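As a plain string of letters, each chain reads:
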Amino acid sequence: MKIGILGIGGIGGFIASKMLQSKDKDEIILITKERQKRAIISEGLTLLDGDKSEKVHVIDVVSTNDKIEKLDILFIAIKSYDLKESLKNIRSSISDKTLIIPLLNGISIKNIICDTLNLSERQVIDGCIYIISNKINDSTIRHVGGPGRIIIGGENQTALNTLQTVLEKYDLDIGYHKDIKEILWKKFLFVSPISAISTANGVTFGALQDDAYLMIQCQSLMEEVILIAKKLGINLSHEDIKNTIEMLKKFPYEAKSSFQLDIEKNQKNEKNILIDDVISLGEKLDLDVINYISINQQIMDRYLCVQ
Ligand SMILES: NC(=O)C1=CN([C@@H]2O[C@H](COP(=O)(O)OP(=O)(O)OC[C@H]3O[C@@H](n4cnc5c(N)ncnc54)[C@H](OP(=O)(O)O)[C@@H]3O)[C@@H](O)[C@H]2O)C=CC1
Ligand SMILES: CC(C)(CO)C(=O)C(=O)O
């Protein structure tokens, strides 16, 4: 099996390192930019986790300028703002049999992939990951916290069976769920409000939980996400808000979302999929998302938002 991983940053670097550490492995191909390819060829790939540092030697690392052989499985771990461009670059490595697993945040990623590559929905197996993992430099990734749990799923049971058989040999914590849409919305219920509120106020996950007023605001954002989800037929409830807040407690005090880290560095960021999508869905579905409109404004006032 040829397994590609597109985007070797916080997420792609984490899963690549875990897979490459396995003794019995498939052909794992890391797909990067040219500059990062050179760094990984000369330095290997190092995953830092607490006091541990694990370096793997990488045999197959290609850049999007290289000719890449047809892949059986492709994990996508790119930021949403680079997604379309990078997919176009690796189009020739995707056949009508390649199974694609996006691990990006957001609720519209499958549509973007299918539209960009003109693929059948059955080929794209929705997924998400619960983790905080950051790229330190082109050859070093740090797992900061979070369980690293991956959930994939959907209606294509044949594809899921294949993936389960291929991926079980790796030290990855993977769960399979038929109703993956609900899982993606539950993840979104976590990542969107928490990223928005902590970024708007410049606080870490721990400081957010210490501030009762901010937690009330955070819950108001969650209510708006639930309103939209329900209108779209996704079964989220207030119980999910409780579970989401419980989950927040499992992250380290100093943790920040990838959105906050990007925006603080004045880098391109995923505001479009984390915040703007909620506002436009609210408008489209004629639902009141006043708290999202206001948090969006707070973020724009506080930072110069690079899009
Ligand atoms: N980090 C986290 O803890 C979590 C992130 N997520 C989600 O996962 C997704 C990926 O995030 P994350 O791993 O943090 O992102 P990173 O920015 O750390 O990694 C993305 C990688 O893709 C590379 N890249 C960009 N464009 C291309 C291209 N055209 N061809 C090849 N490589 C390219 C980047 O290179 P360069 O740096 O040079 O641009 C970088 O190495 C996002 O949607 C994020 O929201 C979800 C859960 C947790
Ligand atoms: C909030 C978090 C850490 C949850 O996995 C995340 O998805 C992100 O930072 O993008």
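Residues numbered from 1 in each chain as written. Chains lettered and ligands numbered in written order. Predicted model: local features only at pLDDT ≥ 70, side-chain atom pairs only at ≥ 80, totals over all residues. Heavy atoms only, no water.

For the protein, an unreviewed UniProt entry supplies the name 2-dehydropantoate 2-reductase and the organism Flammeovirga agarivorans. Of the protein, the UniProt comment under Sequence similarities (unreviewed entry) reads exactly: "Belongs to the ketopantoate reductase family." Regarding the protein, the UniProt comment filed under Function (unreviewed entry) reads as follows: "Catalyzes the NADPH-dependent reduction of ketopantoate into pantoic acid." (UniProt positions renumbered as here; feature names shortened; annotations may be inferred.)

Caption draft 1: Fine view of the sheet that holds strand 5 (residues 61-63). Read across the open sheet, the 5 strands follow the order 5-2-1-6-7; overall the sheet is parallel. This sheet does not close on itself; its edge strands, each paired only once, are strand 5 and strand 7 (99-102). Put simply, the sheet's adjacent strands are angled 20° from each other on average, direction ignored. Pairing between strand 2 (residues 27-32) and strand 5: 3 bridges, direction parallel. In the sheet register, L30 faces strand 5, and the bridge partner there is V61. Packing of helix 5 (residues 157-167) onto the sheet brings it into contact with strand 1 (2-6), strand 6 (73-76) and strand 7, and relative to strand 7 it is tilted by some 75°. (Pairing = 2+ DSSP bridges. Helix = DSSP H or I, 4+ residues; strand = E, 2+ residues; numbered from the N terminus. Axes fitted to C-alpha atoms, helices over the stretch in contact; angles between N-to-C directions. Contact = heavy atoms within 4.5 Å.)

Caption draft 2: Quick look at the site of ligand 2. All residues adjacent to ligand 2 are N105, I129, Y130, I131, I132, K187, F190, V191, F205, S257 and S258. Within the side chain of N105, one N or O atom sits 2.8 Å away from an oxygen atom of ligand 2. Note that an oxygen atom of ligand 2 is positioned 3.0 Å from one of the backbone N or O atoms of I131. Burial of ligand 2 by the protein amounts to 94% of the accessible area it has alone, namely 280 Å². When contributions to the shell around ligand 2 are tallied by element, the ones reaching two or more residues are strand 8 (127-137) and helix 6 (180-201). If one sorts the elements of the shell around ligand 2 by residue count, strand 8 sits on top with 4 residues. When we break the shell around ligand 2 down by domain, the ones giving at least three residues each are domain 1 (2-178) and domain 2 (182-302). (Near = heavy atom within 4 Å. Polar contact = N/O pair within 3.5 Å; in protein donor to acceptor, adjacent residues only side chain to side chain. Areas by Shrake-Rupley, 256 points an atom, 1.4 Å probe, with all protein chains shown as cover. Domains from an automatic or database assignment.)

Caption draft 3: Quick peek at the UniProt feature "domain: Ketopantoate reductase N-terminal" (unreviewed entry) in the protein. The positions UniProt marks with the feature "domain: Ketopantoate reductase N-terminal" (unreviewed entry) are residues 3-153. Taken end to end, residues 3-153 comprises 26% helix and 37% strand; its first and last C-alpha atoms sit 18 Å apart.

Caption draft 4: Region of the structure containing unusual backbone geometry. In this structure, N118 is a non-glycine residue whose phi angle is positive, near 55°. With respect to the helices, strands and loops of the structure, N118 is situated in the loop between helix 4 (109-117) and strand 8. With a phi angle near 60°, D286 is a residue other than glycine that sits in the positive phi range. In this fold, D286 is placed in the loop between helix 11 (271-284) and helix 12 (290-302). Judged by relative accessible area, D286 falls into the exposed class, the value being 69%. (Buried < 20%, exposed > 50% of the residue type's maximum accessible area, 1.4 Å probe, protein only.)

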